[in-house]
Number of protein chains: 2
Amino acid sequence: MRKLSITMILACLCAWTFAQQALFGGQTIESPEIHPDNTVTFRFSAPKAIRVQITGDFLPPQKMKTQFGEMDVPGVTDLTEGKNGVWEYTTPEPLPSELYGYSFIVDGIKTTDPNNVYLSRDVATVTNIFIIGGGQADLYKVNKVEHGTVAKVWYNSPTLGTTRRLTVYTPAGYETSGKRYPVLYLLHGAGGDEEAWATLGRATQILDNLIAQGKAKPMLVVMPNGYTGMEAAPGESEAGMFKPSMGMATSMEGSYESSFPDIVKFIESRYRVVKAKNGRAIAGLSMGGFHSIHISKYYPDMFDYVGLFSAAIMPNKNSKSPVYQNLEQKLKIQFDKKPKLYWIGIGKTDFLYQANKDYRKLLDEKNYKYTYRESDGGHIWKNWRIYLSEFAPLLFK
Amino acid sequence: MRKLSITMILACLCAWTFAQQALFGGQTIESPEIHPDNTVTFRFSAPKAIRVQITGDFLPPQKMKTQFGEMDVPGVTDLTEGKNGVWEYTTPEPLPSELYGYSFIVDGIKTTDPNNVYLSRDVATVTNIFIIGGGQADLYKVNKVEHGTVAKVWYNSPTLGTTRRLTVYTPAGYETSGKRYPVLYLLHGAGGDEEAWATLGRATQILDNLIAQGKAKPMLVVMPNGYTGMEAAPGESEAGMFKPSMGMATSMEGSYESSFPDIVKFIESRYRVVKAKNGRAIAGLSMGGFHSIHISKYYPDMFDYVGLFSAAIMPNKNSKSPVYQNLEQKLKIQFDKKPKLYWIGIGKTDFLYQANKDYRKLLDEKNYKYTYRESDGGHIWKNWRIYLSEFAPLLFK
């Protein structure tokens, strides 16, 4: 038997990988490098490039004119070419604690950072991410705490006549405690799916950390897919590896709201949970906020806690679904039953700010009680992570 | 209350996204386009580029000289510039059914395909993937079959003094059948982690499909992390978002093998499984094949089914761990107990081919019974997916 040392074999495996990396144009520089003072250096090797830029949400935003008015979009800045064709940019100031996304632009072509394997997909755009700790974003990190379980689960929806995929977070200790747990149903926005809150939203890390700190009650978090025309996230159903888009399937016509009890029924038969209004919360961002409004009022005995994160608030005049009929009458029934929490969060520059203001005016006129949180910024994940961090501790108390 | 139509809001959401995409250099062309005859067109928009190439494992491999001899690495070919700066390449022949990976190279810089959001990470390299169906790779697709649950679970290892993350696949029907299920422990190779088999290996899809076809028994598949110096995959532990490498932590020194019963114990206390040798299988690729050899012989009453996929077969002369001592004596004990299956798979051009041949010679000399599968190709995921597809149907019969 030929004797090869472990070291030699590992060297061999490495050589194979490095060879492949070299061929693939792999780079071995460090990027992003987060310095002790929270300034960050980005590096990109491109000896032949004429211009290398970086765009990301840590840069001062640019204004962009659209038909709906001016909107903030991530800024762009130049890297400087250094030795051996390695381009570099260091932030002039330390970055505040946050989860950031960025891409390089090399001679006009957007590219991911080959030295950073951490990526997030938002609809059809994949960008690199990094986290600056020491503040709010410590909640988004995996810390030395007990971790819950995250499962991708298929459930049957008799109403929709199909099986569908959802993400379920069960808190640490669930499997062995013997206790019943409350459930937060957490809904994504347009273009999202059952992956969105767990990836872009860092819901798993936020719940692990809030529960470990004693700030939130141990709870299940159920993240369904809000597009009834889809069984699962892109690539996770028989629809195959299609290209995601914002208008993947209509789901503001009542079918999601009217089939939602299938999800609750499934969760309450599969998991050891509290089967009562005071053990159920529903919250969602943008389109998911729209869904949360309508589901919670259409089933006024189902949820004691409702969270609207930058909700796409507007009546759907085109739908004949009973879900959307008689909004004010249904709200009266819902609020007469005095939900324990009706929480509304919106950013000052969100294009849905006015719609939310109008909705609050309606609630105010009727003296319906709600909690209001106004943040900086617009229609962005940064805000939705913050809202979840603030909303979850208010639940099931 | 200001009335906005749903259409208008969706248009607005879209405008916001498109604006962002435009800024990020997003592209709206189709790539890869899989034609009905299984030829494939790749497209990349780069009006200012001088040369755009593609590299991928669907191209004829190139030979690369290394200190360990010639190795096959993915080939490279040129795209042709067409209208509006969109470069294009169409495969001259239909591609055989397979899961393929590729990257573009723009003026020497490797980049991902911005029109394809499906990516796989292999150690520190992220590449785009696509699947050509109609043959073997139909097993790698999500098909219209019942789907199992995939969970990321943390377990406690008293032997290692830490909690650690693993991936658990439970087959469709597990939660409601009341039956006990057998378990396949499926181990990754050097540079891998508890994500590798579920992503690069398509283990979830393979098992869903084989079980639905009646070719494999319903079973759990447990995919642990083989690096005892790590708690979890990159980005999933308190170690943060570090850059993965091949030599992330030593794990061919005995600690993984000697702590493996912690995993079995955890699974058998947490899940409704068969707690007997004939209900347990262990298999692994490369370093995971090495682990499978040593775990199965060190605990000769634990596993009735053993699979070595391109196993890194060699005695570890440097380790003083009892795990590796007296190999031949331990193999005798293991084989005297007549395991139901001892399966060895290797590619003809694998750099570990000779080591596997030598190992088989040792088994042959002792008349130890094993099943041998020799495939084309080398030390690649294509082979490991095929081996799993062939190995799983042989289990628990």
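As the structure is a computational prediction, the values presented were derived from the model and not from experiment.

1. A short note on the overall build of chain A
- Of regular secondary structure, chain A possesses 9 helices and 20 strands.
- In summary, chain A has a C-alpha radius of gyration of 23 Å against a globular reference of 21 Å for 397 residues, a match within 12%.
- With the principal axes as the frame, chain A shows a C-alpha extent of 70 × 65 × 40 Å.
- Here chain A, with 397 residues, has 51% of them falling under the buried criterion.
- Intrachain contacts of chain A at a sequence separation of at least 6 include 71% that bridge at least 24 residues.

2. Examining the nonpolar core
- Counting 207 residues, the largest nonpolar core has V222 of chain A together with V222 of chain B as its most contacted members.
- Discounting chain neighbours no more than four positions away, the residues touching V222 of chain B are L166, V168, V183, Y185, L186, I263 and I267 of chain B.

3. Describing the packing of helix α5 (residues 255–270) of chain B against helix α6 (residues 287–298) of chain B
Residues and elements named next belong to chain B.
- Between α5 and α6, the least distance of the axes is 9 Å, while the angle of their chain directions is 60 degrees. Taken together, α5 and α6 sit at an angle that is classed as oblique. As α5 packs across α6, the resulting crossing turns out to be right-handed. Contact residues: Y256, E257 and F260 in α5; H291, H294, I295 and Y298 in α6.
- Across the contact of α5 with α6, the residue classes tally to 4 nonpolar, 2 polar and 1 charged.

4. Some thoughts on the sheet that holds strand β1 (residues 33–34) of chain A
Residue and element names in this part refer to chain A.
- With antiparallel pairing, the 4 strands of this open sheet are ordered in space as β1-β2-β8-β7. Here the strands that pair on one side only, and so sit at the sheet edges, are β1 and β7 (80–81).
- With 2 bridges connecting them, β1 and strand β2 (residues 40–45) associate as antiparallel partners. From the neighbouring strand, E33 faces β2, where its bridge partner is T41.

5. Regarding helix α5 (residues 255–270) of chain A
All names here are of chain A.
- For α5, which comprises 16 residues, the first-to-last C-alpha distance of 23 Å matches the rise-based estimate of 22 Å (1.5 Å per residue) to within 8%.
- A bend of about 25 degrees at P261 is the largest found in α5.
- What α5 keeps buried is the set S255, Y256, E257, F260, I263, V264, F266 and I267.
- Residues of α5 that are buried make contact with β13 (149–157), β14 (162–170), β15 (183–187), β16 (220–223) and α6 (287–298).

6. Structural notes on the environment of D193 of chain B
Residue and element names in this part refer to chain B.
- Within the secondary structure, D193 sits in the loop between β15 (183–187) and α3 (196–199).
- Considering only alpha carbons, one finds D193 and W154, 39 residues apart in sequence, at a separation of 14 Å.
- Sequence-distant contacts of D193, that is, excluding residues within four places in its chain, are made with H188, N225, M230 and A233.

7. Examining the domain arrangement of chain A
Residues and elements named next belong to chain A.
- One can read the domain layout of chain A as domain 1 (28–134) and domain 2 (140–394).
- Here domain 1 and domain 2 have C-alpha centroids that lie 31 Å from each other.
- On the domain 2 side, the residues contacting the 10 residues of domain 1 number 14 residues.
- Where the side of domain 1 that touches domain 2 is concerned, the elements lending two or more residues are β9 (98–106) and β11 (119–122).
- The residue makeup of the side of domain 1 that touches domain 2, split by class, is 5 nonpolar, 2 polar and 3 charged.

8. A word on the sheet that holds strand β2 (residues 40–45) of chain B
All names here are of chain B.
- Taken together, 4 strands build an open sheet; the order of strands is β1-β2-β8-β7 and the sheet is antiparallel. Looking at which strands have only one partner, the edges of the open sheet turn out to be β1 (33–34) and β7 (80–81).
- Pairing analysis gives 2 bridges linking β7 to strand β8 (residues 86–90), with the strands arranged antiparallel. Within the sheet, the bridge partner assigned to T80 lies in β8 and is E88.

9. Quick look at the packing of α6 of chain A against helix α7 (residues 327–336) of chain A
Residues and elements named next belong to chain A.
- Remark: α6 packs on α7, axes separated minimally by 8 Å, with the N-to-C direction vectors making an angle of 70 degrees. When the interaxial angle is binned, α6 and α7 end up roughly perpendicular. Remark: the crossing between α6 and α7 carries left-handed chirality. Between α6 and α7, the residues in contact are S296, K297 and Y298 and K330, L331 and Q334, respectively.
- Per-class residue counts for the contact of α6 with α7 are 2 nonpolar, 2 polar and 2 charged.

10. Thoughts on the environment of M252 of chain A
Residues and elements named next belong to chain A.
- Of note, M252 is situated in the loop between β16 and α5.
- Assessed through the 25 C-beta atoms surrounding it within 10 Å, M252 is described here as buried.
- Considering only alpha carbons, one finds M252 and M314, 62 residues apart in sequence, at a separation of 11 Å.

11. A closer look at unusual backbone geometry
- The peptide bond linking S31 of chain A to P32 of chain A adopts the cis configuration, its omega dihedral lying at -10 degrees.
- Structurally, the position occupied by P32 of chain A is in the loop between α1 (6–23) and β1.

12. Thoughts on the confidence of the model for chain A
Residues and elements named next belong to chain A.
- Of all residues in chain A, 91% have pLDDT values of 70 or greater, and the mean over the chain is 92.
- In this model residues 1–26 is a low-confidence stretch, pLDDT under 50, and it forms 56 contacts with partners more than four residues away in sequence or in other chains.
- Scoring the predicted complex yields pTM 0.94 and, for the interface, ipTM 0.93.

13. So, the environment of P234 of chain A
- With respect to the helices, strands and loops of the structure, P234 of chain A is situated in the loop between β16 and α5.
- When the C-alpha atoms of P234 of chain A and G192 of chain A are compared, they prove to be 9.6 Å apart, with 42 residues separating the residues in sequence.
- Once residues within four sequence positions are removed from consideration, P234 of chain A is found in contact with D193, M241, F242 and P244 of chain A together with V117 of chain B.

Rules of the game
Residues numbered from 1 in each chain as written. Chains lettered and ligands numbered in written order. Predicted model: local features only at pLDDT ≥ 70, side-chain atom pairs only at ≥ 80, totals over all residues. Helix = DSSP H or I, 4+ residues; strand = E, 2+ residues; numbered from the N terminus. Rg over C-alpha atoms; globule rule 2.2 N^0.38 Å. Buried ≥ 20, exposed ≤ 12 C-beta atoms within 10 Å, placed from the backbone. Contact = placed C-beta atoms within 7 Å. Core = buried A, V, L, I, M, F, W, Y, C linked by C-beta atoms within 7 Å. Axes fitted to C-alpha atoms, helices over the stretch in contact; angles between N-to-C directions. Parallel < 35°, antiparallel > 145°, perpendicular 65-115°, else oblique. Left-handed = near helix turned anticlockwise from the far one by under 90°. Nonpolar A, V, L, I, M, F, W, Y, C, P; charged D, E, K, R; others polar. Pairing = 2+ DSSP bridges. Expected span 1.5 Å × (residues − 1). Bend = angle between axes of the 7 residues up to and from the residue. Domains from an automatic or database assignment. pLDDT = per-residue confidence, 0-100.

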